[in-house]
Every structure is written in C-alpha cells, then in structure tokens.
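Report on the structure
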Amino acid sequence: MDLVQPRSPRELAAVRSWDANDPLRQFRERFDLPPNVVYLDGNSLGALPRATRQRIADVVAHEWGTGLIRSWNDADWIGAPRRVGDKIAGLIGAAAGEVIVADSTSANLFKLVHVALAARPGRREVLSEPGNFCTDLYVIEGALRGMPGRSLRLEPAERLIECISEDTALVVLTHVHYKSAAMHDMRAITARAHEKGALVLWDLSHSVGALQVDLNGCDADFAVGCGYKYLNGGPGAPAFLFVAQRHLAGSVSPLSGWMGHARPFDFVDPYAPAPGIERFLCGTPPVLGVLSLECGVDLLLEAGTAALQAKSEGLCQLFITLVEEMCGGHDLRLLSPTDARQRGSHLAYAHPNGYAVMRALIDRGVIGDFRAPDCLRFGLVPLYTRYEDVWHAVATLRDVLQTQCWSEPRYAVRAAVT
Ligand SMILES: *Cc1c(COP(=O)(O)O)cnc(C)c1O
C-alpha cells in the first residue's frame, strides 16, 4: 500500500531540507531497503547493507567454495572474532583486545555473570531492575541456580543506585531499556558500584551503533551487546562481549570450549585459557555471521559515533514533536524520556490497542514493533532513517488513529513474533 501523501507540498519541505543537510545522508544508499516502506525496526533487526550482500556472496563462492578448509588460514577466518571485536571496541570506548565477537548476547551474559561472581566471593546479591530485558534476568537466574546463598535482587531504576551495598557482588543493567528507551547513567552507577566494591555488567544491545558509549571512560568492568540490531549484522548475528583489561587475566569463562584454549590445535586434554580476550570464545565461530557483522560495523565506524548520536537525537525530537502536533487526543502516551540525554534511539508509546495499531501501521508500510502489554516501538536508526521517513510514519499513525482502521478483526490476531 502507498504511504500517506502530504496534504500540501509545503508540509514536507522543511523536513526534506533537514535530509538534504544531514551529514549522514549518503549512508542510506548503502542499504538495501524495500520501496514504499518506512522501516522503524532497526533496533530489533538492522537493515541489510549492500556491502554485506556482496561480501557474503564472495565469501560463499570463493573462501568457502574454492578455498574450503584452507580459508581458516588463507582468509583469516580464525582471526575474525578478534578482528571484528577490535573494530566494535572503536564504537564503545574500549581498547583493542578487550572485545571479542562470540555466541549470543544471552550466552555472553552467562559467561560474564559467572566471571564477575567468581571475582566477588562472599557477596550475596546480583542487582538488576524489574522489567529488564527478559533474557538478562533469566540468564542471571540460571547462573545463580548453581550458587546457593546468592540471589537476584530487583530494584526500580530510580532507586537502584541507592541499593548498591557491601553485599552487592554485581550490578547487571541494560544501558538503554529495550522498551522505554530510558538510559541509565553509566558513569554514576559504575562509580557507585566501585565505591561499594561491586562490579557492573552493562548490556549495550540498544545503545551500540546508535549512541556514543564510553566504557573505559566510565571505568566499566564488563559489557555485552547484540550484533543484529543497530550493528546490522543480520538475523541471529553473533554478539560481542567486553572485559576491561584489568580483569582479563583473572577471568576464566565457564563455557571453556576449545576455541578459547591457549593452543586449540595442540589437542591436549587439560584446559588452559588463551592469554587474551580469545579465552571467551567457546566453540567454532559462525564465520558467515561474523563476516556479515563486520560489514555492518565498518559502516558505523565510517559514520562515527558522534554523528550517529546527533542524528539519533534529531530524529527522535522530530518524531515526538510531530506526534504532539498530528496525533493529539488519540490515547497515545509517550513512555520514553523527553530529554535526549536520558534516552536511546527508539521511542515507545503506550496505546490501549497497541497491538492492532501496530499491525495496521505495518499493513500501511510503516514497520515498527509491539511489546506487551500495550507498547508501540519505533526505532530511529541514524544510518538509514530519513527525517522524511519520520514525517511519513507519523502521518500514517495519525490516519490509522483517526480512521480507527486498527479495529478490523484481522489486526487483533497475534502472530508468533511481535
Ligand atoms: C536484543 C537483546 C538481547 C538479545 O539476546 P539474544 O541472546 O541475541 O537473543 C539481549 N539483551 C537485550 C537487552 C537485548 O535488547
């Protein structure tokens, strides 16, 4: 279906001039995006970079097809997790040698929760917030299952910093909340935790690739992050983990697989961890996934995190303003902070019929997503979302709300993935 047309050509002119002056404008062409779609879900699955299509076709044909097993050496497949990790370090204020690409965010959380708790024996609590992304909480629970006497304590964001105590072993937080986009003060929370002798593990899944993150500037201990959101690594892309240099020597992964061994090709019986961040590898890296991720990360490095953050703020501000102007009186409630300094790169709105509204939007070419129980999410991705896209999205939202077309019965049927 066609997108909503402006009621007068002038309505769009201002917004288009922002696009014309956008320092990141050339990046949109470097993605394959379908026509007549406003894609506002890059915070859940990033778009496909053209370079990835090319690179993966090439890797499949030559490195795999012709090179076969020789490519582990000749194409340096074996070095890819570390090479791409070093690149991601440049997006999150980490140093080379502190980041590795491996496994999923969930698995990496498990490794680092273990490592952190081993470094704080005698302390009973892991502190997080209620409503943190579910896998983060589930993985902590799973890790604690084998550790009697230790437990997970959940405290609301506003109070959390006050609850860090001499009994806190580890604080686990998602830097930008997956639903509300509220951002924690990484510097303040990390500093308080250290004052009390606790460690902090940051989940950067909704920050990396959209915002400036300064792990070492904040003296962070551990972090994990997702490869398929703003990093554009593709569906199920491998994730990454960060261990501050000062913790590396004392940290041994509980998933001590052979790829994390000091000399995997010695094939000896006893485990000896690799000296560097490679010790956090477990099994054989998913090479196609790691190389896809590398293409996405290269684009972000080229854009630079300062420009990404500035554009993200501009897009979010425009969206908020247009919703106020065009969608007033329709039961929409902004759940995200209005202050850009306390917010990530997506916006969440509550609506009593949120699921049906989102389905109607998607049917009209505006793709966001829905998070239970009532939350519409719109991801504003600095690399490829245009100001004009924001205008079209809000104009379509206005029409969906005004016409109440969301009340068609087919929009109420829940799909398996929302
Ligand atoms: C997306 C996301 C994950 C993803 O975890 P997977 O292991 O890739 O399924 C984890 N944590 C947060 C906060 C996320 O937003």
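If you're wondering where the values come from, they're calculated on a predicted model, not measured in any experiment.

This next bit is on the site of the ligand. Taken together, Ser104, Thr105, Ser106, Phe133, Thr135, Asp136, Thr174, Asp203, Ser205, His206, Tyr228 and Lys229 make up all the residues around the ligand. Measuring from a nitrogen atom of the ligand, one finds a side-chain N or O atom of Asp136 at 3.0 Å. The contact in question runs from an oxygen atom of the ligand to an N or O atom on the side chain of Tyr228, over 2.8 Å. In the complex, the protein chains occlude 87% of the 390 Å² of accessible area that the ligand would expose alone. Only helix 5 (105-118) and helix 6 (134-145) provide two or more residues apiece to the shell around the ligand. Of the residues belonging to the shell around the ligand, the class tally is two nonpolar, seven polar and three charged.

Attention now goes to the nonpolar core. Ranked by size, the top nonpolar core spans 57 residues in total, and within it Ile88, Ile92 and Leu204 carry the most contacts. Secondary-structure elements contributing two or more residues to this core are helix 2 (50-64), helix 4 (80-89), strand 4 (99-102), strand 7 (168-174), helix 8 (186-195), strand 8 (199-203), strand 10 (239-243) and helix 10 (287-303). Top contributing element to this core by residue count: helix 10, with eight residues. Structurally, this core is a two-domain feature, drawing no fewer than three residues from each of domain 1 (9-49 + 305-412) and domain 2 (76-303). Leaving out residues up to four positions away in the same chain, Ile92 has contacts with Val99, Leu204, Val208, Val213, Asp214, Leu215 and Phe240.

Tracing the backbone through its elements, the reader meets Ser128 in strand 5 (residues 125-128). Given the relative accessible area of 0%, Ser128 is considered buried. Look past the residues within four positions of Ser128 in its chain and what remains in contact with it is Leu137, Leu152, Arg153, Leu154, Glu155, Leu160, Val172 and Leu173.

The subject of this paragraph is the sheet that holds strand 4. Overall, mixed pairing links the seven strands, which are arranged 4-10-9-8-7-5-6 in an open sheet. Because the sheet does not close on itself, it has two edges, and the strands there are strand 4 and strand 6 (151-154). Averaged over all pairs of adjacent strands, the angle between their axes in this sheet comes to 20°, without regard to strand direction. Sheet topology places strand 4 next to strand 10; four bridges connect them, and they run antiparallel. Bridging from a neighbouring strand, Val99 pairs with Phe242 of strand 10.

Conventions used here
Note on numbering: residues in each chain are counted from 1, in written sequence order. Reporting in this predicted model follows two pLDDT cut-offs: at least 70 for local features of residues, and 80 or more for side-chain atom pairs to be given and counted; totals over whole chains, interfaces and linings ignore these cut-offs and use all residues. Hydrogen atoms and water are omitted, and side-chain values are computed over all heavy atoms in the structure. Any residue with a non-hydrogen atom lying within 4 Å of a molecule or strand is treated as near it. Definition of a polar contact: a pair of N or O atoms within 3.5 Å, with one able to donate and the other able to accept a hydrogen when the atoms are protein atoms, and with sequence-neighbouring residues admitted only if both atoms are side-chain atoms. Shrake-Rupley sampling with a 1.4 Å probe provides the accessible areas, and residues are treated as covered by the protein chains on show and by no other component. A helix here means a DSSP run of H or I that spans at least four residues, while a strand means a run of E at least two residues long, and both kinds are numbered starting from the N terminus. Residues are grouped as follows: Ala, Val, Leu, Ile, Met, Phe, Trp, Tyr, Cys and Pro are nonpolar; Asp, Glu, Lys and Arg are charged; all remaining types, including Gly, are polar. For this analysis, a nonpolar core means a set of buried residues of the types Ala, Val, Leu, Ile, Met, Phe, Trp, Tyr and Cys, connected via side-chain atoms within 4.5 Å. Each residue gets one of three labels from its accessible area relative to the maximum for its type: buried under 20%, exposed over 50%, partly exposed in between, using a 1.4 Å probe on protein chains only. For the domain bounds, the source is a domain assignment made automatically or taken from a database. Only heavy atoms enter the contact rule, under which two residues are in contact if any of them lie within 4.5 Å. Between any two strands, pairing holds if DSSP finds at least two bridges. Note on geometry: axes are lines fitted to C-alpha atoms, helical ones only across the stretch in contact, with angles between N-to-C directions running from 0 to 180 degrees.

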